[in-house]
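As a plain string of letters, each chain reads:
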Amino acid sequence: MSRFTGRVAIVTGAASGIGKEIALRLAAEGGIPVIADLNLDAAGKTAAEIKARYGDKGGGDAFAVAMNVTDEAEVEKGVADTIAKYGKIDILVSNAGIQIVKPLVDFPFADWKKLLAIHLDGAFLTTKACLKHMYKAKYGRVIYMGSVHSKEASKLKAPYVTAKHGLIGLSKVLAKEGAEFNVSSNVVCPGFVRTPLVDKQIPEQAAELKISEADVIKNVMLKDTIDGQFTTTDDVADAVLFYAAAKNTVHSGQSAVVSHGWFMQ
Ligand code: NAD
């Protein structure tokens, strides 16, 4: 019996990057990841990859659902379809996110609202939809994908830093409200991880800051790490799975920074 045998886990934004790694790792330990993503094609591919990798090892189930996390009806439908198929939701990893970099003085209001909606409305809507099932079952583990930017600021990232700080607040409220139902809540806060989200930012930041892409990596992204290393998707998944496997609510309300020392608490 593995840590997550039979556990049903909705992971948003799991068609790519960090979310995909979390889904793969949950499946590797017997869990059933629900790949909830805007991009249904890519979500289907991730689910197929999981079935192909782990299907012959006794587990290996995965379910792809189309979900724009900012759309209440789509979130409700994805959760209802999961309940119809598996009868429960044990774990929610609210991970879907985007990045938009621009100086505050030029930040388009539409981009500000779009980013806050994906990170904050998405976290709220998916939490709310899953909670009623978790409360009924008296079991739930909720993990939000924060960032070092939940604790620290960088230039050019006003809505991202604002949203990631906000997730800490949401998680603390859920920790208080969820405790009597054995529902825990945590935030995992990675440093820079080489995913499509970061690869897109490197040329954008180079253009905004008028420096080379190599300088963006060395002197912006990894400047304050202790060893000049990127965090990996595997490192982030380790922390998420730690909280997802919690035996009780002892760690609830806490956040963990996974960043090669970029930010130390
Ligand atoms: P990614 O671009 O590789 O993956 C993001 C996924 O989210 C994609 O599959 C995309 O289709 C999906 N998505 C985007 N908008 C969505 C929406 N409205 N509804 C549903 N799905 C949507 O990015 P990533 O680097 O894996 O980022 C995942 C999370 O990790 C984000 O919350 C991000 O802020 C956070 N994070 C990333 C880093 C990093 O360095 N990569 C660092 C700290 C935190």
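Starting from 1, residues in each chain are numbered consecutively following that chain's sequence as written. Local features are withheld for residues below a pLDDT of 70 in this predicted model, meaning they are given only at 70 or higher, and side-chain atom pairs are given and counted only at 80 or more; totals for whole chains, interfaces and linings count all residues. Only heavy atoms go into the side-chain values, all of them from the structure, while hydrogens and water stay out.

S.K.: Which parts of the structure should I look at to understand the packing of helix α3 (residues 72–86) against helix α4 (residues 109–137)?
M.R.: Angle between the axes and distance between the axes: these two values describe a pair of packed helices. Axis lines are fitted through C-alpha atoms, for helices just across the contact stretch, and the angle between N-to-C directions can take any value from 0 to 180 degrees. Counting from the N terminus, the helices are DSSP H or I runs at least four residues long and the strands are E runs at least two residues long. Between α3 and α4, the shortest axis-to-axis distance is 9 Å and the interhelical angle comes to 30 degrees. In this structure, the crossing between α3 and α4 has a hand that is right-handed. Residues Glu72, Val75, Glu76, Val79 and Ile83 of α3 touch α4, and the partners they reach there are Leu125, Thr126, Lys128, Ala129, Cys130, Lys132 and His133. By definition, any crossing whose near helix is turned counterclockwise from its far helix by less than a right angle is left-handed, and any crossing with a clockwise turn is right-handed. Whether two residues touch is decided by their heavy atoms; if any such pair falls within 4.5 Å, the residues are in contact.

S.K.: For this particular structure, what's the right way to read the layout of surface pockets?
M.R.: To find the voids left in a structure, one rolls a probe of water-molecule size over its atoms. In the cavity and pocket records, a cavity denotes points on a 1 Å grid over the protein atoms alone where a 1.4 Å probe fits but cannot get out, a pocket denotes an open set with protein on both sides within 12 Å along at least 5 of 7 lines, and lining residues are residues with an atom within 4 Å of a point. Grid points are joined across faces, edges and corners, and a volume is the space filled by probe spheres set on the points. In this structure, the largest pocket spans a volume of roughly 900 Å³. Asn95, Ala96, Gly97, Ile98 and Leu197 are, among the 41 residues lining the largest pocket, the residues nearest its centre. Listed by contribution, the elements that provide at least two residues to the lining of the largest pocket are α1 (17–28), β2 (32–37), α4, α5 (158–178) and α6 (196–209). For the lining of the largest pocket, the leading source of residues is α6, giving five residues. Of the residues belonging to the lining of the largest pocket, the class tally is 20 nonpolar, 16 polar and five charged. Roughly 230 Å³ of volume is contained in the second largest pocket. Taken together, 15 residues form the lining of the second largest pocket, with Ala153, Ser154, Lys155, Val220 and Lys223 sitting closest to its centre. Under the scheme applied, nonpolar residues are Ala, Val, Leu, Ile, Met, Phe, Trp, Tyr, Cys and Pro; charged residues are Asp, Glu, Lys and Arg; polar residues are all the others, including Gly.

S.K.: Any chance you could explain the packing of aromatic side chains here in plain terms?
M.R.: Within a pair of aromatic rings, the relevant descriptors are the distance that separates the centres and the angle that separates the planes. Only the six-membered ring of Trp is used, alongside the rings of Phe and Tyr, when aromatic pairs are assigned; centres must lie within 6.5 Å, and planes under 30 degrees apart are stacked while those over 60 apart are edge-to-face, with the rest tilted. Scanning all chains against the criterion turns up four aromatic pairs. Seen from their ring centres, phenylalanine 192 and tryptophan 262 are 5.2 Å apart, and the 5 degrees between their planes marks the pair as stacked. Placement of phenylalanine 192 in the loop between β6 (183–190) and α6 and of tryptophan 262 in the segment after β7 (255–258) is noted, with a sequence separation of 70 residues between them. When sorted by exposure, phenylalanine 192 lands in the same class as tryptophan 262, which is buried. Counting as a charge over the ring demands two things of the Lys NZ or Arg CZ atom: a distance within 6 Å of the ring centre and an angle within 35 degrees of the ring normal. The side chain of arginine 7 reaches across the aromatic face of tyrosine 139, ending 4.0 Å from its centre. The lysine or arginine in question, lysine 85, covers the ring of phenylalanine 63, its NZ or CZ lying 5.2 Å from the ring centre. Note on classification: 1.4 Å probe, protein chains only; a residue is buried when its accessible area is under 20% of the maximum for its type, exposed when over 50%, partly exposed between these limits.

S.K.: Help me understand the environment of isoleucine 211, please; the structure alone is not making it clear to me.
M.R.: By secondary structure assignment, the location of isoleucine 211 is in the loop between α6 and α7 (213–221). Assessed through its relative accessible area of 30%, isoleucine 211 is described here as partly exposed. Not counting residues within four places of it along the chain, the set of residues in contact with isoleucine 211 comprises Ala206, Val216 and Val220.

S.K.: Looking at this structure, I do not really get the site of the ligand. What am I missing?
M.R.: It suffices for a single heavy atom of a residue to lie within 4 Å of a molecule or strand for the residue to be listed as near it. Taken together, 28 residues surround the ligand, and among them Ser16, Asp37, Tyr160, Val193 and Thr195 come closest. Within the backbone of isoleucine 18, one N or O atom sits 2.8 Å away from an oxygen atom of the ligand. Pairs of N or O atoms are called polar contacts if they sit within 3.5 Å, as long as, within protein, a hydrogen donor faces a hydrogen acceptor (for residues adjacent in sequence, only side-chain-to-side-chain pairs). At a separation of 2.4 Å, an oxygen atom of the ligand approaches a polar side-chain atom of threonine 195. We get accessible surface area from the Shrake-Rupley algorithm with a probe of 1.4 Å; when it comes to residues, only the shown protein chains can shield them. In the complex, 92% of the free accessible area of the ligand, which totals 830 Å², lies under the protein chains.

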